[in-house]
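This is what each chain is made of:
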Amino acid sequence: MKGTRKVAIVTGGASGIGKALCAELVAHNVFVIITDIKVQDGKTLQAHLNEKALNARFIHLDVTDCKKVERLIQKVYEEFGRLDYLFNNAGIAMYGELYDMSIKNWKDIIDINLWGVIYGTQIGYQIMKKQGFGHIVNTASAAGLGPSPVSSAYSATKHAVVGLTTSLHYEAEGFGVKVSTLCPTFVDTPIFEEAIAIKINKSLMTQQLKKQKMMSPQRIAKITLKGVHKNTPVICPMPMRKTIDVLCTIFPSLHHALMRLVCKVSREARISE
Ligand SMILES: NC(=O)c1ccc[n+]([C@@H]2O[C@H](COP(=O)([O-])OP(=O)(O)OC[C@H]3O[C@@H](n4cnc5c(N)ncnc54)[C@H](O)[C@@H]3O)[C@@H](O)[C@H]2O)c1
């Protein structure tokens, strides 16, 4: 299948933002390798994207398995002779007070949200550096740009992804490789229902979170590809973000009050002994 058509790999591509990214990439005539641990959802998306023409293939991939990530990226590169885009997007959410968390909780989220992104970036970057082009897009979060009380592990993984990706953005440019991080805020996906909730009433927490204005995954996908096109280092589609940043810098007490509110709302969902 070697040719001129662009090729993308999307991890966590069977649901939410990843799924919308796959559809948007196909709309831009990119052939998409959908990867996920959700086999049925991945196959359904593959069938949907292939209705009009051959546009996509689903392959099972758990991003915590470094060897399998390496094999998949290498195989795609050998078959297509190119790798234009790699979206390291798979991720999970985790809520909980730090004092309720175990080391296993930390390992579980770091394995997916951080190691999964590191494996993809490390392997995809070598290939893109060799071919002299390509774009890696790592999904972080607005929680990777500031504090996120009662989600500190999630926030820690996303800060690490932002640090890795923004640093590589500049390191890679001399080799023709582009690198961006996507930092969404609230997007209407199953991530809230599927989150790991540690001593937190998940449905109450989800109810609270869903009171926020949610963006559709389709809108995020469109904004992301625009950011990719412009090679934006941090794609942060948060409405009013700059205004909020300025206000919080001028009035730090405003930011503090906001963080206290986040703690209060999260604690109302805590399951006490
Ligand atoms: N939805 C939001 O509001 C929001 C906000 C900021 C950041 N994000 C980030 O966006 C990314 C996508 O999340 P989403 O909201 O679309 O959620 P989602 O739950 O709809 O999609 C996440 C996908 O990742 C997959 N996944 C989980 N563990 C995996 C593993 N070990 N290997 C491979 N795939 C795995 C899931 O099966 C799922 O299909 C995540 O990194 C998330 O942290 C989401």
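Residues numbered from 1 in each chain as written. Predicted model: local features only at pLDDT ≥ 70, side-chain atom pairs only at ≥ 80, totals over all residues. Heavy atoms only, no water.

Comments concerning the packing of helix α4 (residues 103-131) against helix α5 (residues 152-173)
This is how it is decided: Here an angle of 0 to 180 degrees is reported between the N-to-C directions of two axes, which are lines fitted to C-alpha atoms, with helices fitted over the stretch in contact. Starting at the N terminus, helices and strands are each numbered in turn, a helix being any DSSP run of H or I of at least four residues and a strand any DSSP run of E of at least two. In this scheme, roughly parallel covers angles under 35 degrees and roughly antiparallel covers those over 145, while 65 to 115 is roughly perpendicular and the rest are oblique. Handedness of a helix crossing follows the sense of rotation of the near helix relative to the far helix, less than a right angle counterclockwise being left-handed and clockwise being right-handed. Any pair of residues with heavy atoms lying within 4.5 Å of one another is described as a contacting pair.
Contact geometry for α4 and α5: axes closest at 9 Å, N-to-C directions at 10°. For the element pair α4 / α5, the angle class is roughly parallel. The interaxial crossing formed by α4 with α5 has right-handed handedness. Taken together, the residues of α5 that come into contact with α4 (itself represented by Trp-106, Ile-109, Ile-110, Asn-113, Leu-114, Val-117, Ile-118, Thr-121 and Tyr-125) are Ser-152, Ala-153, Tyr-154, Ala-156, Thr-157, Lys-158, Ala-160, Val-161, Leu-164, Leu-168, Glu-171 and Ala-172.

Considering the side chain of Ser-15
How we decide: Burial classification: accessible surface area is computed with a 1.4 Å probe over protein chains only, and a residue below 20% of its type maximum counts as buried, one above 50% as exposed, and the rest as partly exposed.
Structurally, Ser-15 is set in the loop between β1 (7-11) and α1 (16-27). Its relative accessible area of 19% is what places Ser-15 among the buried residues. When near neighbours in sequence (up to four residues on either side) are disregarded, Ser-15 contacts Asp-36, Lys-38 and Pro-190.

A short note on the sheet that holds strand β3 (residues 56-60)
Under the convention used in this document: Here, strands pair whenever DSSP counts at least two bridges between them.
In spatial order, the strands read β3-β2-β1-β4-β6-β7-β9; together these 7 strands make up an open sheet with parallel pairing. The open sheet terminates on both sides in strands that have one partner only, identified here as β3 and β9 (234-235). Of the strand pairs in this sheet, strand β6 (residues 135-139) and strand β7 (residues 178-182) are connected by 5 bridges, and their pairing is parallel. By the bridge assignment for β7, Thr-139 is matched with Leu-182.

Structural notes on the nonpolar core
Here is the rule: Note on terminology: a nonpolar core comprises buried Ala, Val, Leu, Ile, Met, Phe, Trp, Tyr and Cys residues joined through side-chain atoms within 4.5 Å.
Ranked by internal contacts, the top residues of the largest apolar core, which has 26 residues, are Cys-22, Leu-25, Val-32, Ile-34, Leu-49, Tyr-85 and Phe-87. Breaking this core down by element, the ones donating at least two residues are β1, α1, β2 (31-36), α2 (39-49), β3, β4 (85-88) and α8 (217-230). For this core, the element with the highest residue contribution is α1, accounting for 6 residues. Val-32 has contacts with Ala-8, Val-10, Cys-22, Leu-25, Val-26, Asn-55, Ala-56 and Arg-57, leaving out every residue within four places of it along the chain.

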